[in-house]
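# Fold and geometry: a report
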Amino acid sequence: MYYERIIDKYLLEWARSSSHKPLLLRGARQTGKSTAVRHLGGHFDVYVEINFEKQPVYKTLFEKDIDVNRIVPLLSAMSKLTITPGKTLLFLDEIQECPEAIMALRFFREDMPELHVVAAGSLLEFSLDELPTFGVGRIHSMYVYPMTFDEFLVANGCQLLVNERNKASESNQLDVALHSELIDYLRTYMLVGGMPESVAKWVETHDLLQCQEVQDDILNGYEDDFPKYRKKVDPQLLRNTMRSVALQVTRKFVYSHVPGEYKSAEVKKAIEMLTKAGIVIPVTHSNANGLPLGNETEQNIRKMLLLDTGLLLRLLNMTLGDITEVTAQILTASAADLVNKGTIAEMLAGLEYIHYQTPNVRHELFYWVRQSRNSLAEIDYVIPSNSEILPVEVKAGVQGGMKSLWEFMREKKVTFAVRCSLENFGEFEYIDNKADNAVRHVKICPLYAVSQMNRLMQK
């Protein structure tokens, strides 16, 4: 069964555009790229899928030259399917196995512009690095991530619940029963995660142990890929670094904490590789004095997130041996404790924010920290909103834990902020008597409603 994805809308828009370019789907392995393309294929008269890993014979068609007017008729003959521009979707899967096919993408745009061509692959970023050019400006990229919480809800038959949540605001709070139901689903989502195979297993069985087996297989698959990076980074260093990211998640990443007595430069290279593979998402410190946030960053002050909360928990289990207590806490803790006593909520908020942005670029995450010995302060995330900087804190309640937020707003002369929590929708004001009684406005965005953050700030 196919579960609807946010990427579906963008793929359909691309397919219906009169000026579509060849499309390159990018992102970590097993995030659902191929499945989404097959679903898109249903909108075409003919769907042709070529998998260069399973069908290496197709690589020979690209070895002589990359003249698409010669290649397409041969693809049609070998696949026994008629490839007609305007009526056919041609999917080149595992394209990293055929660098010549990557190079050929630009010529589909130039010589056969009406044909719809999509390419995807595993570890594609490394193949692109090794090519002198692959058609910048002639190829369109989209990034595919694990399933969001909203997609998880829809997969579990909760579209009506999503609709009611999307009507709520600070002046129209969600019904208490629906609020509690969403928190319960969020607990499950933290454990199941958003990898499509894990979500499908949960919908089918409601058995967390079977989901964990899927997650273990995915993580083992990632580690099995590491020898393919050998020319760039030692595979054991990659394994150690990925596990260290899990242990240090949402804290300033310390290179020396990676086991093996590796040099910082070696660990940095491993982080770079894991980031390109889509497994690790950096959160970089920004001075946050203005937009764009990337103009004032310090690359040596970073936090690291793993791509999925369910995979994070399984990786911790592999590293620490047994994290049954963590799982039990997620399932049973009060809403306040669920946020305050773990880093998973903070990580989830950052991942959710990225996943709801346009898939046409690789989005970055930033945070702010002051490391003065006598004045420590940190904001979980700083994001652009309405041409201004919006601080986002992941907190549980109104009281306590907001000192850093007030200091940031005062120092940067920021008027609005968001507290992402497990409270209901709401807002409050703070009269800052240290800054001429300036009024600071804070909107409460429930952690189960990160997809609605932009809407709430527009209001």
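Let me sum up the structure you'll find in this document. (Residues numbered from 1 in each chain as written. Predicted model: local features only at pLDDT ≥ 70, side-chain atom pairs only at ≥ 80, totals over all residues. Heavy atoms only, no water.)

## Topic: the overall build of the protein
Per the secondary structure count, the protein includes 19 helices and 14 strands. In terms of principal-axis extent, the alpha carbons of the protein reach across some 75 × 55 × 45 Å. In the protein, which comprises 459 residues, the proportion classed as buried is 56%. Long-range pairs, those at least 24 residues apart, make up 72% of the contacts in the protein between residues at least 6 apart in sequence. Summing over all exposed atoms, the protein offers an accessible surface of approximately 20100 Å²; the carbon and sulfur share of this is 48%. For the protein, the distance from the average position of its 51 positive side-chain charges to the average position of its 59 negative side-chain charges is 4 Å. (Helix = DSSP H or I, 4+ residues; strand = E, 2+ residues; numbered from the N terminus. Buried < 20%, exposed > 50% of the residue type's maximum accessible area, 1.4 Å probe, protein only. Contact = heavy atoms within 4.5 Å. Areas by Shrake-Rupley, 256 points an atom, 1.4 Å probe, with all protein chains shown as cover. Lys, Arg positive; Asp, Glu negative; His and termini not counted. Charge placed at Lys NZ, Arg CZ, Asp CG, Glu CD.)

## Thoughts on the pairing of strand S1 (residues 23-26)
Side chains of S1 alternate between two faces, with Leu23 and Leu25 and Leu24 and Arg26 buried alike. Sheet topology places S1 next to strand S4 (residues 116-120); three bridges connect them, and they run parallel. Bridge pairing links Leu25 to Ala120 in S4. (Pairing = 2+ DSSP bridges.)

## Observations concerning the sheet that holds strand S12 (residues 416-421)
Read from one edge of the open sheet, five strands run S10-S11-S12-S14-S13, paired in mixed fashion. A single partner strand is all that each edge strand has here, and the edge strands are strand S10 (381-385) and strand S13 (426-432). Each strand axis lies, on average, 30° off the axis of its neighbour in the sheet, ignoring direction. By the bridge criterion, three bridges tie strand S11 (residues 388-394) to S12 in an arrangement that is parallel. Looking at the pairing, Val392 lines up with Val418 of S12. Relative to S10, helix H17 (residues 344-355) is tilted by about 25°, and along the sheet it contacts S10, S11 and S12. Along the sheet, helix H18 (residues 403-412) makes contact with S10, S11, S12, S13 and strand S14 (438-446), crossing S14 at roughly 130°. (Axes fitted to C-alpha atoms, helices over the stretch in contact; angles between N-to-C directions.)

## Structural notes on the packing of helix H10 (residues 196-205) against helix H11 (residues 208-225)
The geometry of H10 relative to H11 is characterised by a closest axis approach of 9 Å and an angle of 160° between their N-to-C directions. For the element pair H10 / H11, the angle class is roughly antiparallel. When you trace H10 past H11, the crossing you get is right-handed. Residue-level inspection shows Glu197, Ser198, Lys201, Trp202 and Thr205 of H10 in contact with H11, the latter providing Leu208, Gln210, Cys211, Val214 and Gln215. (Parallel < 35°, antiparallel > 145°, perpendicular 65-115°, else oblique. Left-handed = near helix turned anticlockwise from the far one by under 90°.)

## Some words on the pattern of salt bridges
A full pass over the atoms with the stated rule returns 26 salt bridges. Residues Arg106 and Glu110 are paired through a salt bridge, measuring 3.5 Å at the closest nitrogen-oxygen approach. Placement of the pair is Arg106 and Glu110 together in helix H5 (residues 99-111), with a separation of four residues, close to one helical turn. Taking the relative accessible area as the measure of exposure, Glu110 reaches 36% and is therefore partly exposed. A salt bridge links Asp150 to Arg165; the shortest N-O distance between them is 2.7 Å. Placement of Asp150 in helix H7 (residues 149-155) and of Arg165 in helix H8 (residues 159-165) is noted, with a sequence separation of 15 residues between them. The two residues Asp150 and Arg165 agree in class, both being buried. Ionic contacts of the salt-bridge type, sharing partners, join the residues Arg370, Glu407, Glu411 and Lys412 into one network. (Salt bridge = Lys/Arg side-chain N within 4 Å of Asp/Glu carboxyl O.)

## Observations concerning the nonpolar core
Within the largest apolar cluster, 94 residues are counted, with the highest numbers of intra-cluster contacts made by Ile279, Leu306 and Leu447. Looking at this core element by element, the count peaks at eight residues for H17. Excluding residues within four positions of it along the chain, Leu447 makes contact with Leu186, Met190, Ala345, Leu348, Ala349, Cys420, Ser421 and Leu422. Leu24, Leu75, Leu90 and Leu124 belong to the second largest nonpolar core, which has 29 residues in total. (Core = buried A, V, L, I, M, F, W, Y, C linked by side-chain atoms within 4.5 Å.)

## Considering the layout of surface pockets
The calculated volume of the largest pocket comes to roughly 590 Å³. Considering the residues around the largest pocket, the lining is formed by 27 residues, among which Gln30, Gly32, Lys33, Ser34 and Thr35 are closest to the centre. Put simply, the parts of the chain that give the lining of the largest pocket at least two residues each are helix H2 (33-41) and H10. The dominant element in the lining of the largest pocket, judged by the number of residues it contributes, is H2, at five residues. Its volume calculated, the second largest pocket comes out at about 410 Å³. Surrounding the second largest pocket, 26 residues form its lining, Thr275, Ile281, Pro282, Arg362 and His363 being those nearest its centre. (1 Å grid on protein atoms, 1.4 Å probe; cavity = no way out; pocket = protein on both sides within 12 Å on 5 of 7 lines; lining within 4 Å. Points joined across faces, edges and corners; volume = space filled by probe spheres on them.)

## Quick look at the pairing of strand S9 (residues 375-379)
Across five bridges, the pairing between strand S8 (residues 365-372) and S9 is antiparallel. In the sheet register, Arg370 faces S9, and the bridge partner there is Ala377. Two successive antiparallel strands, S8 and S9, enclose a turn made up of two residues.

## Re H10
Buried residues of H10: Pro196, Ser198, Val199 and Trp202, and no others. The buried residues of H10 occupy an angular sector of 165° when projected down its axis, which confines them to one face. Where H10 is buried, its residues contact H7, helix H9 (176-192) and H11. His206, located one to two residues past H10, shows a positive phi value of around 55°. (Arc of directions from axis to C-beta.)

These values are about where atoms sit, not about what they do.
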